[in-house]
Structures are given as C-alpha cells and as structure tokens.
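Remarks on the overall topology
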Amino acid sequence: MTNGPLLFLGIFATLASSFWGLVLVPQLQLGGQEQVTNSATFGLYPQPRSGSAKQGAEIYRSLGCVECHSQQVRGLGNDMARDWGLRETVAQDYLGDYPVLLGSQRIGPDLANIGARQTNALTLLHHLFNPKLSAPGSIMPPYRFLFEEKRLKEDEKPSPEALVISTDQTRSEVLPRPEATALVDYLLSLRADAPLYEAPFLKPSTNAIGAVSTNTVEAGSTNAVATSNATPAAPLTVPPK
Amino acid sequence: MIASASSECSAAVTAGAVERRLAPSEIDVSCRGPLLLLFVSGLSWLVLGLLLALISSIKLHAPAFLADVPWLTFGRLRPAAMNAILYGFASQTAIGVSLWMMCRLGRTRLLFHTPLFLATALWNSGVLLGLLGILSGGSTGFEWLEMPRFVSPILFLAYALIGSCALVTFYVRAERSIYVSQWYLVAALFWFPWIYSAANMLLVFFPVRGVVQSIVNAWFTNNFLGLWLAPIGLGSIYYFIPKLSGRPLYSAQLAAFGFWTLALFTNWTGLTKLVGGPVPAWITSASIAANFLLVIPLLCAAINWHLTLRGLYWKAKSDATLRYIVFGAASYLAASVISILLGFREISGVTHLTFVEAAQVQLALFGFIAMALFGSLLYIIPRITQREWPSARTARLHFRCSVAGIILIFLSLAAGGILQGFGINNPSAPFLDVMKSTIPFIGISTLGQLLLVAGQMALLWDFVVLLREYAAPLRKTTLGWVMNSEIGKGEARS
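These numbers were taken from a predicted model, which means no experiment stands behind them. Throughout, a residue's number is its position along its own chain's written sequence, starting from 1. Lettering of chains starts at A and numbering of ligands starts at 1, both following the order in which they are written. With pLDDT at 70 or above as the cut-off, local features in this predicted model cover only qualifying residues; side-chain atom pairs require 80 or more to be listed or tallied, and sums for whole chains, interfaces and linings still use all residues. Values shown for side chains rest on all heavy atoms present in the structure; no hydrogens or waters enter the calculation.

1. Re the overall build of chain A
Going by this rule: Labels follow the DSSP assignment, with helices taken as runs of H or I lasting at least four residues and strands as runs of E lasting at least two, numbered in each case from the N terminus. Categorising residues by exposure relies on relative accessible area from a 1.4 Å probe, with only protein chains included: less than 20% of the type maximum marks a residue as buried, more than 50% marks it as exposed, and the intermediate range marks it as partly exposed. Residue contacts are counted whenever heavy atoms from the two residues lie within 4.5 Å of one another. Surface exposure here means Shrake-Rupley accessible area, sampled with a 1.4 Å probe, where a residue is shielded only by the protein chains that are shown.
If you tally the helices and strands in chain A, you get 7 helices and 5 strands. Counting from the amino terminus, chain A carries its helices and strands in the arrangement α-β-β-α-α-α-α-β-β-β-α-α. In chain A, which comprises 241 residues, the proportion classed as buried is 53%. Relative to all contacts within chain A whose residues are 6 or more apart in sequence, the contacts with residues 24 or more apart total 69%. Carbon and sulfur atoms provide 58% of the accessible area of chain A, an area that totals close to 11,300 Å².

2. Re the packing of aromatic side chains
Think of a pair of aromatic rings as described by two things: how far the centres are apart, and how the planes are tilted against each other in angle. All names here are of chain B. This is how the line gets drawn: Here a Phe, Tyr or Trp ring, Trp counted by its six-membered ring, pairs with any other such ring whose centre lies within 6.5 Å, and the pair is stacked when the planes are under 30 degrees apart, edge-to-face when over 60, and tilted otherwise.
Summed over the entire model, instances satisfying the criterion amount to 40 aromatic pairs over all chains. Seen from their ring centres, Tyr 159 and Phe 192 are 4.9 Å apart, and the 70° between their planes marks the pair as edge-to-face. With a gap of 33 residues between them, Tyr 159 in helix H6 (residues 151-171) and Phe 192 in helix H7 (residues 180-205) connect regions that are remote in the sequence. Judged on exposure class, the residue Tyr 159 and its partner Phe 192 are both buried.

3. Side note on the interface of chain A and chain B
Put simply, the test is: Using a 1.4 Å probe, buried area is obtained as the accessible area two parts lose upon being combined, added over both of them. The rule for a salt bridge is simple: a side-chain nitrogen of Lys or Arg has to be within 4 Å of a carboxyl oxygen of Asp or Glu. By the criterion applied in these results, polar contacts are pairs of N or O atoms within 3.5 Å in which, for protein atoms, one can donate a hydrogen and the other can accept it, and in which residues neighboring in sequence qualify only through two side-chain atoms. Throughout this entry, Asp, Glu, Lys and Arg are counted as charged residues, while Ala, Val, Leu, Ile, Met, Phe, Trp, Tyr, Cys and Pro are counted as nonpolar. The remaining residues, Gly among them, count as polar.
With 74 residues of chain A in contact, the opposing surface of chain B contributes 85 residues. Surface buried jointly by chain A and chain B totals about 6,700 Å² across both partners, of which 65% is contributed by carbon and sulfur atoms. Seen at the junction of chain A and chain B, the total is 2 salt bridges. Here B:Arg78 makes a salt bridge to A:Glu67, at a shortest N to O gap of 3.3 Å. Inspection of the region where chain A meets chain B yields 24 residue pairs in polar contact (both at pLDDT 80 or more). Listed by contribution, the elements that provide at least two residues to the side of chain A that touches chain B are helix H1 (4-30) and helix H2 (51-62) of chain A. Among the elements that line the side of chain A that touches chain B, the one with the most residues is H1(A), at 20 residues. The residue inventory of the side of chain A that touches chain B, partitioned by class, reads 38 nonpolar, 27 polar and 9 charged.

If you want it as structure tokens, here you go:
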C-alpha cells in the first residue's frame, strides 16, 4: 500500500463511521428526552434535586465515589434479586444528572436506589464517619475528614446534629461538616423507583425496597460502637430527629 | 522497511535529491534531544503512577491506610494513577517511539526540535496540573478524562504541535513506499485528536444530556486504548519482528486486511462496557457484534507474526528487545481473546462491573502496550545516545519484574473478579462477604504492583545513569569552557 491519500481517507472513514453510529445517532435518539409523568405520583419524573443534594453530587464526584459504587440496576445478572431496585434503570432516570456516574466497578454495593433502601440520614452519616461501626469488616474507607470533632465547654449541651458524643472527662462531639450533610442529602435523593412505561416493576411493589433489604447498612447500634476501638469509650447517643 | 527494501532506489529518485541516503545512525542522532526528554518524562510518570496505583491497591485491603488525607482518598488516587500512566507515560512514550519509527521508516531526519521541546514541556505541565486537579477534588467524573476542564486544552495544544510534527515528518519522507507500521502510526496520530477533542467537547465543554454522556465516555475509553495506544504498540511489533528476526514480514496483504478490519471493528466495540446498562439495547448489541468480529484482525496478526518468526523464536533469548516484543505480541493476542469473550452476554452477566474487566485492561495496557514500548526503548535509547545500557543485569531484572508483576496482577484480579461476579449474582450471599472473599486475591495483586513498580524503578535508574554518563563529557567541556574563559578574563585584567 503506497497510496497516502487513500490511506488517509480510509482512516478518516472508519472513525467517522463509529462517531456517527455510536455518538451522533444515540444523541439523536436520546438527546431530546424530557421529563415524563410519574404514573405513581402524577408528578414529573425525574424531579430536579434540591440545592443541598446538588452540592452533594459535587462531593460524590470530587471524592471519586464512582470508583467503587455503580449507579445502575442492570437487566443482566441478578441485581433486582439483591434488592438493588424494583426495576432496571433506564435512560430516563439519569436525565438531570451531570456527570452521569454509572460506574464501572462494584467494590461497594450499587447506589442507584440507596435513597429508597436507606431513608435515615443519620445512619448514612455514621456509615461515612466509620463504616466499620455499622458494617463490621467493611472495606469502605472512613471519611473522617468530612466531620469535625468539637470540644464541649463545661455545661455546654451537645448539638442536636452531633454524631458521637463522648461524655468522659474530655467531653467532645463529632459534627458533620456541610460536605457530609450535602453528600447524605444526595444519597437520599438517589432513587430510581418511578414506574415507567419502558421499565415497569417486575416485582410486586408491596415489597418496598426499604422494607426488606439483605445488604444495606443497619442503623448504627450502640453495641457496635461500644465494641469498636475506633471511638474508645464513646457512648453513642442518637439525638432525636 | 524490510518489506519495502526493493523500492529504495526508486525512493531516492522520487525524493528528487541526489544527496546520499541517510545512514540509520544519522537519523537516530537527529532524534536525540526531543526523544530523550519524552522518554525520561514518560518513565518518571510511569513510576509515579505505579506508586499511586500501589497505594490505592493497598487501600483495598487496608481501608484505614492514609484514610484521613483527602488528597489520597481511594476515589482520587485511582483515577490519578490511571491518568499518570495513560497520559504521562503511555501516550508520551508512544509519541516518542512513533516519531522515531516515522524517521527511520521514512529515512528522514527529525526536524522541528524547538516545537517538540515546547510541546513536550506543555504536555508534561498539563499532566502535572491534571493530576493535582484530580487529587485536590477537581475531577470531571468521566473515566480517563478526569483531569479538570482547563487541562484538556493544554494537552490538546501540546498534542497538536507534536502530532503535526509527526505527520509532516511522514509527509516529507524520502522513502515513499509505506510500510505496515506507518499505517498504524498515521492512523493513531489522526484518531487521537479526534476522539480526545470530541469527548471533551461533548462531555466537558458542551455536555450532552443524560446517559449519552456515558455512551460518549465508553466510546472514548475504548478508543483511547484501541485506536490510540494499541495501534502504536502494533506498529512497533510490526516494525521489530521482521527487523530483529532478519526475515521479511510474511504477508503484506494479510497485514493490510488485518489493519482495515481492526480499524473498522475496534471503533464499534466501545459500548460493550454498557452491556445491561440504561442505554438502548441496539447500541450494546452493535458493539457486541463488532467485538466478536475482532477475531478476524486478531487471527491475521497472529498468523502473520507467527509465520514471520517461525523457527526464529530462539532469537528472543539473546535479543532483549525481541523478548519484550514477543511478550507484548502474546499479551495483545491474549488480551484481545479475553475482551472478545467478555463481550458475550452469558459471560458479561458474571464479569461485568467486576475486577475481571480491570484485569483485562491491565493486561492490555501493561502486558501489551507498555511491554512493546519498553522493547522499543531498549532498542532506541542506546542508538540515539550512542551508548550501551549501563547494566545488562538491570535490564534482565526489569524484564523479569515486569513479566512477573503483570502476570500476578492479571491472574489475581481475574480470579478475584470471577469470585466477585458469581457472588454478587447470588442474592443470598451478603455483599460484604462476597467482597471479603476477594481480598486475598487483591493482596496478591498488590504484590504484583510492587514487583511492577520495582522493575520500572530499576529501568528508570538505569536510564538516568546512562544519561549522566552521556552528559558527563558535555559537562566537562562546558565546565572547562567556563573555567578557561574565567582564566582568560583574569589574564586580560592582569
């Protein structure tokens, strides 16, 4: 082969074919998607996230949570039997996301429906602060840098949003920084659970995701804290919501 | 160039010059400055990237390790390591190797030293800023495009300079016939700016909505490996196999058929990464079909290489470069077969989103691309500096460490990933138990990472020693010149 222009033309045409087929055509097919009516609530779906959840999405992106957590319930494999969702996730579910973080690795559980599985913000905060408290042996790193430890003055009452309060002579409490609260707001907003025309529920919806779950984090229990050496002698008081 | 030996005379005529043909050593020397800079920075990024990868691998079995440093959290380390390896090492070294092959095959000197130096400096500062951006939390969130948005124009500009230099070098070649390696190089040099700019435009600057982002991202990552790094790796395999075995390539027709089928099908395979995901089924189906068709170029390459080398494999024992090239070629075949297998829905139902896919990428990236590049470096560096490698022992150590590391990483991740895939698909197995069962395998892969980085450190050390030896006479003359002029000044004053 000695014909330079012909070589160049071929090189151009091959990539042009996939750029057309795998980039432009999908954009033509999906780029014009709009919100649809949620047949369960008669509202529009997907709803835009709250301001705090939007900030949380930025924290999620910035910390690279996607390196371990996917956000997709696949039609492949056994995701639904694992209670990761009542139905497959479809393009409609990601309409408002930027960046869309489907993930390419499941070192941690799928989070497409974490907000439906786990509705308690405090449990999620505990899990971020020290995953081993709520899930002994967890391989998730602790995100202590999203929290701050505050010394309590004498007679000062612990803040209502305090996570761990130690009542011994040091008297201190652990407070979530705004980043942690925002991240948890984002996690709570993650639920792809509107029945859609293209993705109806395959399981009876009475079996709500949050009600029965085999692999979600259990609420931080006082026992777990007492036996943990991460926070020695730190009785956990769960403040009223 | 061996295949085209017959047309050398006509080439001299078409070049329109009566000047004598350039000797290979003259071409090598003309490449010296820019290539040394590209190679030494490439290897430094490789060592840094592998160190980051090692820390992130340790974190998988010891999550509390360095957990309180936000800059070194797992989710930032891993993309930083990948970006250092992909942009800092692989792309940069591949560019250097292609420039050299372009000159050798086209029988021209490497011109444009100043633009090349500038572009290399720009590229390296871009990579540095990008890594700092990722580690400080500025990741874009798109796989292999994590560097913050202000970095991609820097990298693109640097590439535009280097790529134009390479293409002009190709255009003004004295040897007019075009060898197989040049097809791959020209293609890669043209494809990279397209995929890189298109992906950045559609994801970062004027983002498309919803899952189209994931589609564009999958198209980009597949093509980054398959249409940018792999063709340069293949180019060097097609260059060195005939050259070092001393036997012309078995069939140029077969190579041409392999090239065009590879160019067409690799393009379309990207979306196997989204199998079962929230995208229209036709997209993944088209990719799965293209993925299966990759068998054709794979067989073409395997047959062509084997028939060229048949009966000459023993040469790899004494020839270090050939050893690397043969290992790289074998890894290319293995990684491609695995990638074809992982495309089938029955298999991807288990392996998708597990360590198995990471294992395949590691095999393709290190086993094939990096090893082909190392082989080329081993050949090129002594020729452009006109110095021998300081230590044959280090070179052997580098080969052994690299091979052992790559095999350990690949096998352990693949085994752990299969366990992970079956475990996740079994709803009665608690998720955490599944992940704990993979930890011993992750431990073995950390060991592999350690071996790999040790080998690369040895290579970099050797390279630095060589450079110092090379620079020593230069330093002496400079020093002597400075001192002489000092003396001269003193004499003049007195």
